[in-house]
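So the chains spell out like this:
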Amino acid sequence: MKKSALILVLLISLFSNTFYAQTQRTAASAGRAEYIEVEKGVKLHVTDLGEGRPIVLIHGWPLSDEMYEYQYQHLSRKGFRVIGITLRGFGKSDKPYGKYNFDVFSDDIKVVLDQLKIENAVMGGFSMGGAVVIHYVTKYNSAHVSKLALFGAAAPSWSQREGFPNGVPAEAAENLIKATMTNRQDLIASLGTGFQAKEGNISKNMERWLERINLDASPYATTESIKSLRDLDLRPNLSKIKIPVAIFHGVQDKSCPFIWAEELQKGIKNAVLIRFEKSGHVLFLEEMEKFNMELEKFAK
């Protein structure tokens, strides 16, 4: 009987000490939310790493904030707080039925930055994300943002239109939209090779990684967002941008031709154009070290 009582006392003591240790331990997490609700029932996935001046990154189509893996690794260790926002419909963010246009994307970003109380940020956007961030800073008068970086931006106009002959022809745009609805897997499989200046600029494993991220997107959002990009003309917005702008662009970009970067530089007062001579569209991987260093330098 005495032996049983002793065992019981020891067990209670062990449990009490373990519970006390668990409740008294210092939290390992920084307490930052991985998901932020932007409207009732819709949450966006947010990667939030590091300390210091914020750099806010918006992904391209049909990627997610995961594309910035190697920018997070570098910049979060260089004195920056790096925040990647995945737009609704993509990656780990919610994928509701509804609108997928640039007003919605900009409004969502504003809610996230409001909730995180971000100020004096450098905002960057890749490809379609470049169009998103231009729309955001002009719609919201650069709220929360003091510098803008554009990476292989699908702007000022993705589509060919009057006064902009270098855009994507209407037939090609419609064929791409149709492919998202009838042959999405094969379309996405072709992007890894097509995005590079030349095959081999990134490894096959990186190609598969990008393909997997792209396939995580909602098929519906994939189609609707590219329709919205087709209809977007940002040329009238460029003169409204009053903050410093850096344009990063691959000279050999076949998806968003280099001439688009030159048009952006003409339209945005005092914009700086940084050429990536060896890169196609995925300059953040093809010339990763230069990309990271140039973004770090611009952010400082």
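To be clear, the structure that these remarks concern was listed above.
Predicted, not measured: the structure shown is a model, and the values here were computed from it. (Residues numbered from 1 in each chain as written. Predicted model: local features only at pLDDT ≥ 70, side-chain atom pairs only at ≥ 80, totals over all residues. Heavy atoms only, no water.)

Caption draft 1: Layout of the overall build of the chain. Regarding its fold elements, the chain presents 11 helices and eight strands. Dimensions along the principal axes, computed over C-alpha positions, put the chain at roughly 95 × 45 × 40 Å. Expressed as a percentage of the 300 residues in the chain, the buried residues total 53%. Sequence-distant contacts, at least 24 apart, represent 76% of the contacts inside the chain between residues at least 6 apart. Carbon and sulfur atoms form 53% of the exposed surface of the chain, whose accessible area is close to 14,300 Å². If the 38 positive side-chain charges of the chain are averaged to one point and the 34 negative ones to another, these points end up 6 Å apart. (Helix = DSSP H or I, 4+ residues; strand = E, 2+ residues; numbered from the N terminus. Buried < 20%, exposed > 50% of the residue type's maximum accessible area, 1.4 Å probe, protein only. Contact = heavy atoms within 4.5 Å. Areas by Shrake-Rupley, 256 points an atom, 1.4 Å probe, with all protein chains shown as cover. Lys, Arg positive; Asp, Glu negative; His and termini not counted. Charge placed at Lys NZ, Arg CZ, Asp CG, Glu CD.)

Caption draft 2: A look at the environment of Val 38. By secondary structure assignment, the location of Val 38 is in strand β1 (residues 35-39). Residues Val 38 and Asp 107 lie 69 residues apart in sequence; the distance between their C-alpha atoms is 8.4 Å.

Caption draft 3: Summary view of the sheet that holds strand β5 (residues 121-126). Spatial strand order, β1-β2-β4-β3-β5-β6-β7-β8: eight strands in an open sheet with mixed pairing. Strands at the two margins of the open sheet, each flanked by one partner only, are β1 and β8 (272-276). Neighbour to neighbour, the strand axes of the sheet diverge by 25° on average, direction disregarded. By the bridge criterion, five bridges tie strand β7 (residues 245-250) to β8 in an arrangement that is parallel. When the sheet's bridge partners are listed, Phe 248 is paired in β8 with Ile 274. Helix α3 (residues 102-116) contacts β1, β2 (42-49), β3 (53-58), β4 (80-85) and β5 of the sheet and is inclined by roughly 125° relative to β1. (Pairing = 2+ DSSP bridges. Axes fitted to C-alpha atoms, helices over the stretch in contact; angles between N-to-C directions.)

Caption draft 4: Fine view of the side chain of Asn 214. By the secondary structure assignment, Asn 214 is in helix α7 (residues 204-215). Each residue touching Asn 214, except ones within four places of it in the same chain, is listed here: Pro 62, Leu 63, Arg 184, Ile 188 and Leu 191.

Caption draft 5: Spotlight on the nonpolar core. With 63 residues, the main nonpolar core has Met 123, Leu 148 and Leu 150 as its most contacted residues. In terms of residues, this core owes the most to one element, helix α4 (residues 128-139), which gives seven residues. Listed in part, the 33 residues of the second largest apolar core include Val 122, Ile 188, Met 206 and Phe 291. (Core = buried A, V, L, I, M, F, W, Y, C linked by side-chain atoms within 4.5 Å.)

Caption draft 6: Here's a closer look at the side chain of Ser 76. For Ser 76, the location among the structural elements is in the loop between α2 (69-75) and β4. Residues contacting Ser 76, with those up to four places away along its chain left out, are Leu 49, Gly 50, Gln 71 and Val 82.

Caption draft 7: Highlighting the packing of aromatic side chains. According to the stated counting rule, one finds 15 aromatic pairs in the structure shown. Between Phe 248 and Phe 291 the ring centres are 5.4 Å apart and the planes differ by 70°, which places this aromatic pair in the edge-to-face class. Remark: Phe 291 occurs in helix α11 (residues 288-299) and Phe 248 occurs in strand β7; sequence separation between them is 43 residues. We note that Phe 248, like Phe 291, is buried. Taken together, the ring pairs in this structure connect Tyr 68, Tyr 72, Phe 126, Phe 151, Phe 248, Phe 276, Phe 284 and Phe 291 into an aromatic cluster. Above the face of the Phe 298 ring, Lys 147 is positioned so that its terminal group lies 5.1 Å from the ring centre. Of note, Lys 290 hangs over the ring of Phe 276, and the distance from its end group to the ring centre comes to 4.8 Å. (Phe/Tyr/Trp six-rings, centres within 6.5 Å; stacked < 30°, edge-to-face > 60°. Lys NZ or Arg CZ within 6 Å of the ring centre and 35° of its normal.)

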